[in-house]
Amino acid sequence: MEVRCHHCGQTQTVGEEIFGNHEEASLACSSCGKAIQLISPKLASFHADATRRVAPAITSGISIDGLSLYLPENLEIYIRVIEGREKGTVYPVAKPRITIGRANSDVIINDGLSSRVHCSVEITGPTVLLRDLESTNGTLVNGQRVETAALSNGSIFQIGGHSFQLVITPKGT
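The model shown is predicted, which means the values in this text are computed figures rather than measured ones.

## Side note on the overall build of the protein chain
A tally of regular secondary structure across the protein chain gives 0 helices and 17 strands. Looking at the protein chain residue by residue over its 173 residues, the buried ones come to 36%. In the form shown here, the protein chain has an accessible surface area of approximately 10,800 Å², with 48% of it arising from carbon and sulfur atoms.

## Describing the pattern of salt bridges
This model, assessed by the stated rule, comprises 3 salt bridges. Residue R97 is joined to E122 by a salt bridge in which the shortest nitrogen-to-oxygen separation is 3.2 Å. Placement of the pair is R97 in strand β9 (residues 97–101) and E122 in strand β11 (residues 119–124), with a sequence separation of 25 residues. According to the relative accessible area criterion, R97 is partly exposed, its value standing at 26%. Overall, the relative accessible area of 1% leaves E122 in the buried class. Between R131 and E122 there is a salt bridge, with its nearest N and O atoms 2.9 Å apart. Taken individually, R131 and E122 each receive the classification buried, so the pair is uniform in this respect.

## Focus: the pairing of strand β4 (residues 35–39)
Judged by which residues are buried, β4 turns out to be one-sided: I36 and L38 face inward and are buried, whereas A35, Q37 and I39, on the alternate face, are not. Here strand β3 (residues 24–28) runs beside β4; their pairing, made up of 5 bridges, is antiparallel. Within β4, the position partnered with L27 by the bridge is I36. In sequence, β3 turns back onto β4 through a hairpin of 6 residues, with G33 there showing a positive phi of about 80 degrees.

## Comments concerning the nonpolar core
Membership of the largest hydrophobic core comes to 24 residues, with the highest contact counts inside it found for I79, I100, V121, F157 and F164. Elements with a minimum of two residues in this core: β7 (75–83), β9, β11, β12 (127–132), β15 (148–151), β16 (156–159) and β17 (162–170). Ignoring sequence-local partners within four residues, the contact set of F164 consists of I79, R80, V81, I82, I100, I109, S155, I156, F157 and I159. The next biggest cluster of nonpolar side chains, apart from the first, holds 9 residues, and it includes F19, L27, C29 and L38.

## Let's talk about the packing of aromatic side chains
By convention here, two paired aromatic rings are described through the distance between centres and the angle between planes. A complete count under the given rule lists 1 aromatic pair for this structure. Aromatic side chains F157 and F164 sit 5.3 Å apart centroid to centroid with 15 degrees between the ring planes, which places their arrangement in the stacked category. Across the pair, exposure class does not vary: F157 and F164 are buried alike.

## A few points about unusual backbone geometry
In this structure, N104 is a non-glycine residue whose phi angle is positive, near 55 degrees. Relative to the helices and strands, N104 resides in the loop between β9 and β10 (107–108). Unlike most non-glycine residues, E134 shows phi in positive territory, near 55 degrees. With respect to the element layout, E134 can be found in the loop between β12 and β13 (139–141). Owing to a relative accessible area of 78%, E134 belongs among the exposed residues under this scheme.

## Brief notes about the environment of S115
Structurally, S115 can be placed in the loop between β10 and β11. Through-space distance from the C-alpha of S115 to that of T136 is 6.4 Å; in sequence the pair is 21 residues apart. Setting aside residues up to four positions removed in sequence, S115 forms contacts with G101, R102, S135 and T136.

## Regarding the sheet that holds β17
Reading across the sheet, the 6 strands line up as β8-β7-β17-β16-β13-β14 and stay open at both edges, with antiparallel pairing between neighbours. In this open sheet, the two strands that pair with only one neighbour each are β8 (90–92) and β14 (144–146). This sheet shows a mean twist of 35 degrees between the axes of neighbouring strands, independent of strand direction.

Here is what the cut-offs are and how they apply
- Residues numbered from 1 in each chain as written.
- Predicted model: local features only at pLDDT ≥ 70, side-chain atom pairs only at ≥ 80, totals over all residues.
- Heavy atoms only, no water.
- Helix = DSSP H or I, 4+ residues; strand = E, 2+ residues; numbered from the N terminus.
- Buried < 20%, exposed > 50% of the residue type's maximum accessible area, 1.4 Å probe, protein only.
- Areas by Shrake-Rupley, 256 points an atom, 1.4 Å probe, with all protein chains shown as cover.
- Salt bridge = Lys/Arg side-chain N within 4 Å of Asp/Glu carboxyl O.
- Pairing = 2+ DSSP bridges.
- Core = buried A, V, L, I, M, F, W, Y, C linked by side-chain atoms within 4.5 Å.
- Contact = heavy atoms within 4.5 Å.
- Phe/Tyr/Trp six-rings, centres within 6.5 Å; stacked < 30°, edge-to-face > 60°.
- Axes fitted to C-alpha atoms, helices over the stretch in contact; angles between N-to-C directions.

Below, the structure written as structure tokens:
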């Protein structure tokens, strides 16, 4: 069976023989070395209490090339689909780097011309950078294929058969 470390998030495969005749077993994570408590799915039913904690917002990070990324406190940023199957959908940008693609991305679009992880939108305060992530069919701005491009409010970019518009508004409007 596959288990995920609740400390570092890494997954590892564990044989069921780890339990023997017991309902529980302890295992050291192969990545971070911290203890993971396991419950045998064959011998026990696991019941977890619902959490009432709110996950903290991700407001800063580091880009691929070392830029310090952060969401501006006074602005709301959205990506609006203006052309394609997902037309009319609006995605709020809730963290300083989001990926767009047809799978394994923050924003998933149903588009066969899109790579699984096609591009990223990175925010450094008032600056928004669109970065193609070595996609097969490219990311276009103003009809031109780009590796990176600075975007501003109202900028339009294209991935496969979808066109997106960056929308930046002051908070509270």
